[in-house]
Structures are given as C-alpha cells and as structure tokens.
Amino acid sequence: MSLCVKNLCIVANSESKELVRNVNFCLAEGESLILLGQSGSGKTLTCQAIMGLLDPKRFSIRGEILFEGRNLLTASLQERMRLYGGDIAFIPQNPMTALDPSMRIGPQMDETLALHSRTPKAARKVKILESLSRTGLPDVEKLYRAYPHMLSGGMLQRVLIAMTMMGEAKIVIADEPTTALDVIHRNETMNSFVQLRQNGVGIFMVTHDFSAAVQLGGDGMVMKDGLLLERGSIHDIVAAPHAPYTKDLIAASALSRTRIGGQD
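This structure is a prediction, so every number in the text was calculated from the model and none was measured.

(A) Expanded view of the packing of helix H6 (residues 153-167) against helix H7 (residues 183-198). Closest axis-to-axis distance for the H6/H7 pair is 9 Å, and the angle between their directions is 10 degrees. In terms of their interaxial angle, H6 and H7 are classed as roughly parallel. Contacts between H6 and H7 involve Gly154, Gln157, Arg158, Ile161, Thr164 and Met165 on the former and, on the latter, His185, Glu188, Thr189, Ser192, Phe193, Gln195 and Leu196.

(B) Region of the structure containing the state of the cysteines. Summed over all chains, the structure comprises one disulfide. Unpaired in this structure, Cys9 has its nearest cysteine sulfur neighbour in Cys26, at a distance of 16 Å. The thiol of Cys47 is not disulfide-bonded; the next cysteine sulfur, from Cys4, is found 17 Å away.

(C) Quick look at the packing of aromatic side chains. Counted according to the given criterion, the structure contains one aromatic pair. For the pair Phe25 and Phe204, a centre-to-centre distance of 4.9 Å together with 5 degrees between the ring planes defines the contact as stacked. On the criterion of sequence distance, the pair formed by Phe25 in strand S2 (residues 17-27) and Phe204 in strand S8 (residues 202-207) is long-range, its members being 179 residues apart. By relative accessible area, Phe25 is classed as buried at 6%. Residue Phe204 is classed as buried on the basis of its relative accessible area of 0%.

(D) Local environment of the sheet that holds strand S1 (residues 3-12). Sheet architecture is open: four strands sit in the order S2-S1-S4-S5, paired in antiparallel fashion. Edge positions in the sheet fall to S2 and strand S5 (70-71), since each has one partner strand and no second. Looking at chain direction, S1 and S2 are connected through seven bridges and run antiparallel. Bridging across to S2, Cys4 finds its partner in Cys26. Packing against the sheet, helix H1 (residues 43-50) makes contact with S1, S2 and strand S4 (59-67), and its axis sits at approximately 115 degrees to S1.

(E) Local environment of the sheet that holds S8. Pairing within the open sheet is mixed, and its six strands lie in the order S6-S7-S8-S3-S9-S10. Edge strands, defined here as strands with exactly one partner in the open sheet, are strand S6 (88-91) and strand S10 (227-233). Neighbour-to-neighbour, the strand axes of the sheet open up by a mean angle of 15 degrees, direction not taken into account. Strand direction decides the pairing type here: strand S3 (residues 32-36) and S8, joined by five bridges, are parallel.

(F) Spotlight on the pairing of S10. Note that strand S9 (residues 219-224) and S10 share six bridges and pair antiparallel. Residue Asp219 lies in a different strand from S10, and its bridge partner there is Ser233. Between S9 and S10, which pair antiparallel and follow one another directly, the connecting turn spans two residues, one of which, Asp225, has a positive phi of 50 degrees.

(G) Representation of the packing of helix H4 (residues 121-134) against H6 within the structure. Closest axis-to-axis distance for the H4/H6 pair is 8 Å, and the angle between their directions is 125 degrees. Relative to H6, H4 is oriented oblique. The interaxial crossing formed by H4 with H6 has right-handed handedness. For the pair H4 and H6, the contacting residues are Lys127, Ile128, Ser131, Leu132 and Arg134 in the first and Val159, Ala162, Met165 and Met166 in the second. In terms of residue class, the contact of H4 with H6 is built from six nonpolar, one polar and two charged.

Rules used throughout
Residues numbered from 1 in each chain as written. Predicted model: local features only at pLDDT ≥ 70, side-chain atom pairs only at ≥ 80, totals over all residues. Heavy atoms only, no water. Axes fitted to C-alpha atoms, helices over the stretch in contact; angles between N-to-C directions. Helix = DSSP H or I, 4+ residues; strand = E, 2+ residues; numbered from the N terminus. Parallel < 35°, antiparallel > 145°, perpendicular 65-115°, else oblique. Contact = heavy atoms within 4.5 Å. Disulfide = S-S within 2.5 Å. Phe/Tyr/Trp six-rings, centres within 6.5 Å; stacked < 30°, edge-to-face > 60°. Buried < 20%, exposed > 50% of the residue type's maximum accessible area, 1.4 Å probe, protein only. Pairing = 2+ DSSP bridges. Left-handed = near helix turned anticlockwise from the far one by under 90°. Nonpolar A, V, L, I, M, F, W, Y, C, P; charged D, E, K, R; others polar.

Remember that the coordinates give geometry; whether it matters functionally is a separate question.
Rendered as structure tokens:
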C-alpha cells in the first residue's frame with residue numbers, strides 16, 4: 001500500500017477536544033477512496049493532517065500516517081518537502097489560493113516541475129503543455145501565458161490536476177475539488193480525476209458531493225463528528241446505506257440535485 005493512515009486522532013489544543021478519532025484506511029496507487037460527510041465533520045482536518053498542514057500550536061496529532069512505510073508525522077522536514085508536491089500532490093478546495101496571482105500559469109508550473117523532477121529546462125514546457133492538454137483544457141499555449149485570475153474555477157482545478165500529472169504523483173489528495181463548480185465544470189474535473197486513477201494514481205478525495213463520488217467510483221467512507229460511521233464501495237453505500245446519517249446525506253443530495261434541475 002502507498003498510503004496508510006492508522007489510528008489517526010486530531011485534538012484541538014485549546015479545548016483538549018478530539019475532533020477526529022481513530023481513523024484507519026489504506027490507499028494504493030490506482031485506487032480511489034472518498035471521504036464523505038457534511039461540513040464540520042472532520043473531513044478537511046483529516047486531509048490537512050495527511051498533508052502536514054495543521055498548525056502544531058493549535059492541533060495535536062496521534063497515530064501514524066505512512067507513505068510507503070515511512071511515517072510522515074516523524075519524517076524530517078527535508079524528506080517531507082521532497083514528498084509533498086512530488087509523490088504526494090494536493091489539490092485544495094479553492095485553487096486560487098494554491099496559485100500565485102502575480103505569476104503566469106506556465107512559469108508556476110515550470111517552477112514546480114523543476115523542483116520535483118530532473119526534466120531538462122528545454123523539455124519542461126513541452127511536458128507542461130502536454131499535461132494541460134490531457135485534462136481537456138483548450139488553447140494550452142494561451143493558458144501557459146495566462147494569469148490565474150483569467151481562468152474560471154473549473155479551469156484552475158484542471159491546471160492543478162495537470163500539475164499532478166506532469167509531476168507523476170503517486171497519491172493525490174483532493175479537498176472538495178468540485179465545490180462552487182457548475183455541472184459542466186464539475187463533470188470535466190471529475191473526468192480528469194478518473195483519468196488520473198486510470199493512469200495508476202491513488203486518489204483520496206474529500207467531498208460532500210455524492211454525484212461526484214459516484215462518478216469517480218472506488219471505495220468510500222462516511223464521517224460524522226470525526227468518526228467513521230460507514231465504509232464500503234461507493235456504489236454500495238449509495239445504493240444501500242446502513243447508517244441513518246448516510247441515508248439523510250444521500251436524501252439531501254438528491255433533493256439538492258432536484259432543486260438545481262428545477263432552476264434550469
């Protein structure tokens with residue numbers, strides 16, 4: 001297994017309160033695992049713990065986060081810097097916060113590629129343009145020269161996905177990647193994740209969007225108040241949920257889609 005989380009607990013230091021409790025899962029390359037639940041359930045905290053993004057002054061983490069047998073919680077700063085952004089890529093909920101608004105898209109991607117690969121400078125632009133094209137983005141030469149504010153949210157998400165493709169990440173952590181996207185951009189973004197998985201990348205996705213989860217497929221886990229209530233294949237969870245909480249989430253998701261359809 002490439003990524004294994006064992007007995008993960010996250011504590012808010014100010015309250016000595018466990019926000020996430022005893023989370024366990026493993027994810028291999030080419031697999032997808034989706035963490036579902038409403039806002040405030042602990043999904044994003046779990047994602048941030050895996051990526052080493054939680055402020056140690058505010059949060060304490062217990063358990064193990066193993067990548068290819070190495071515990072990321074005890075790894076050196078140099079080792080974590082090498083792994084994060086390279087073997088383990090992160091796609092945040094708001095892609096604008098992940099990109100420098102003062103830099104064009106191409107140079108930002110080139111900087112990332114230079115940091116995490118040995119690709120010669122002359123070959124990096126070709127690789128960047130190929131990666132952008134593979135996500136279905138149009139006119140990639142123009143995109144290469146564009147600033148982030150010139151792109152839609154869906155296009156920015158696919159730029160970040162292209163960055164994971166060019167870096168040949170083994171695991172991608174995606175936090176609510178379809179939030180605020182319309183149906184067309186959501187489907188395009190999810191198709192890019194499906195392509196990543198088919199290319200052998202492991203996908204760990206945090207979402208409350210059941211339709212996006214079904215589109216990606218694979219396994220799912222349902223979280224409430226920091227606890228995992230249900231797990232199994234995402235299609236089984238949607239078709240025959242066991243926990244009342246899961247049933248309510250699915251019903252709310254279906255109601256939301258009905259309302260959206262009525263507005264159209």
